[in-house]
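Below, each chain spelled out in residue letters.
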Amino acid sequence: MTPPMTSPEPTGRLALVTGASRGIGRAIAERLAADGLRVIASARSLASVEEVVASLAGSGHQALAMDLGDPASLGAGLASLAALGRVDVLVNNAGIAESAPYDRTDDAAWDRMMQVNARAPMQLCRALVPAMVEAGWGRVVTVASNAGLTGYAYSSAYCASKHAVIGYQRALALEVARAGVTVNAVCPGWVETEMAERAVTNIASKTGRTYEDAKKALERMSPQGRMTRPDEVAALVAMLASDDAANIHGQALAIDGGQVMQ
């Protein structure tokens, strides 16, 4: 997504986007900046998000190095956030995915996905939502997955982590329902990102298919016969982060071309 040539009208609101160095996270950071929000772009690599911040429309954006899989790094990131002002929009986008048969999914893999995909969003909400409640306005949007709405073979830990974070978001939504804070999840299917490219390569290597045939197999999972674009996910997140979405609350919205209907 190319930022607009003119500077957006600033809203004064501050948004934290985790996993903002590429793919969906970068698209979300670009869209929120284009909508006039100040963006804190977070990822494990400071250099990668500094490059993102430099490309964003508007001004006042910040780069933050924070590894959600490392409790010490997460704690340091939260301490840094305290000095940047109240976060009005929290976008829990960072996530990891690993696949294996259920009987070869070891505790370490389970713990990695639970930490990044479920525990870290909880920790960020616990740290940042109280200030939203006190201010009487806030938005929490978690980029989950349609794997949190259904099951996928060979992805038991990933599916469990995404079901967990959606369950947490729904419970949190009930607790803050009258505080002017909305809490929602968006649930993409396959998105045109590096993660999808790795999955296609893995399928091709294990099945003997060509890369193109493996990619088409994933695309056919959607009734539309295509993957979702990162900017399409970003548009949904931006809508949920807006004032217009004040009555959309506690939802897990699929954005997958209708895949979960099948």
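Residues numbered from 1 in each chain as written. Predicted model: local features only at pLDDT ≥ 70, side-chain atom pairs only at ≥ 80, totals over all residues. Heavy atoms only, no water.

### Thoughts on the overall build of the protein chain
Of the regular secondary structure elements, the protein chain holds eight helices and seven strands. Dimensions of the protein chain along its principal axes, counting C-alpha atoms only, are 55 × 40 × 35 Å. In the protein chain, buried positions account for 47% of the 262 residues. Residue pairs at least 24 apart in sequence account for 69% of intrachain contacts in the protein chain once pairs closer than 6 positions are excluded. Element-wise, carbon and sulfur atoms account for 51% of the exposed surface of the protein chain, whose accessible area totals about 12,400 Å². When the 23 positive and 26 negative side-chain charges of the protein chain are each reduced to one mean point, those points stand 3 Å apart. (Helix = DSSP H or I, 4+ residues; strand = E, 2+ residues; numbered from the N terminus. Buried < 20%, exposed > 50% of the residue type's maximum accessible area, 1.4 Å probe, protein only. Contact = heavy atoms within 4.5 Å. Areas by Shrake-Rupley, 256 points an atom, 1.4 Å probe, with all protein chains shown as cover. Lys, Arg positive; Asp, Glu negative; His and termini not counted. Charge placed at Lys NZ, Arg CZ, Asp CG, Glu CD.)

### Some remarks on the side chain of Ser155
Here Ser155 is to be found in the loop between strand 5 (138-143) and helix 5 (156-175). Relative accessible area serves as the criterion here: at 15%, Ser155 is assigned to the buried category.

### A short note on the packing of aromatic side chains
Counting across every chain of the model gives zero aromatic pairs. In this structure, Arg13 packs its charged tip against the face of Trp137, placed 3.6 Å from the ring centre. (Phe/Tyr/Trp six-rings, centres within 6.5 Å; stacked < 30°, edge-to-face > 60°. Lys NZ or Arg CZ within 6 Å of the ring centre and 35° of its normal.)

### Here's the deal with the packing of helix 4 (residues 107-135) against helix 5
Packing of helix 4 against helix 5 leaves a shortest axis separation of 7 Å and a crossing angle of 15°. By the angle between their directions, the pair helix 4 and helix 5 is classed as roughly parallel. Both helix 4 and helix 5 take part in a crossing whose hand is right-handed. Facing helix 4, whose interface residues are Trp110, Met113, Met114, Asn117, Ala118, Pro121, Met122, Cys125, Arg126 and Val129, helix 5 presents Ser156, Ala157, Tyr158, Ala160, Ser161, Lys162, Ala164, Val165, Tyr168, Gln169 and Leu172. Split by residue class, the contact of helix 4 with helix 5 holds 15 nonpolar, four polar and two charged. (Axes fitted to C-alpha atoms, helices over the stretch in contact; angles between N-to-C directions. Parallel < 35°, antiparallel > 145°, perpendicular 65-115°, else oblique. Left-handed = near helix turned anticlockwise from the far one by under 90°. Nonpolar A, V, L, I, M, F, W, Y, C, P; charged D, E, K, R; others polar.)

### Focus: the side chain of Asn146
In this structure, Asn146 sits in the loop between strand 5 and helix 5. Residue Asn146 is classed as buried on the basis of its relative accessible area of 3%.

### Points about helix 6 (residues 194-207)
For helix 6, with 14 residues, the first-to-last C-alpha span of 20 Å sits near the 20 Å given by 1.5 Å per residue. Considered for burial, the residues of helix 6 that qualify are Ala196, Ala199, Val200 and Ala204. End-on view of helix 6: buried residues confined to an arc of 135°, all on one side of the axis. Away from its buried face, by an angle of more than 90 degrees, helix 6 presents the exposed residues Ser205 and Lys206. The inward-facing, buried residues of helix 6 abut helix 7 (211-219). (Expected span 1.5 Å × (residues − 1). Arc of directions from axis to C-beta.)

### Some remarks on the packing of helix 1 (residues 23-34) against helix 8 (residues 230-240)
At a minimum axis separation of 8 Å, helix 1 and helix 8 run at an interaxial angle of 50°. By the angle between their axes, helix 1 is oblique relative to helix 8. You can see that helix 1 and helix 8 cross each other, and the crossing is right-handed. In this structure, helix 1 contributes Gly23, Ile24, Ala27, Ile28, Arg31 and Leu32 to the contact, and helix 8 contributes Pro230, Asp231, Val233, Ala234, Ala235, Val237 and Ala238. Across the contact of helix 1 with helix 8, the residue classes break down as ten nonpolar, one polar and two charged.

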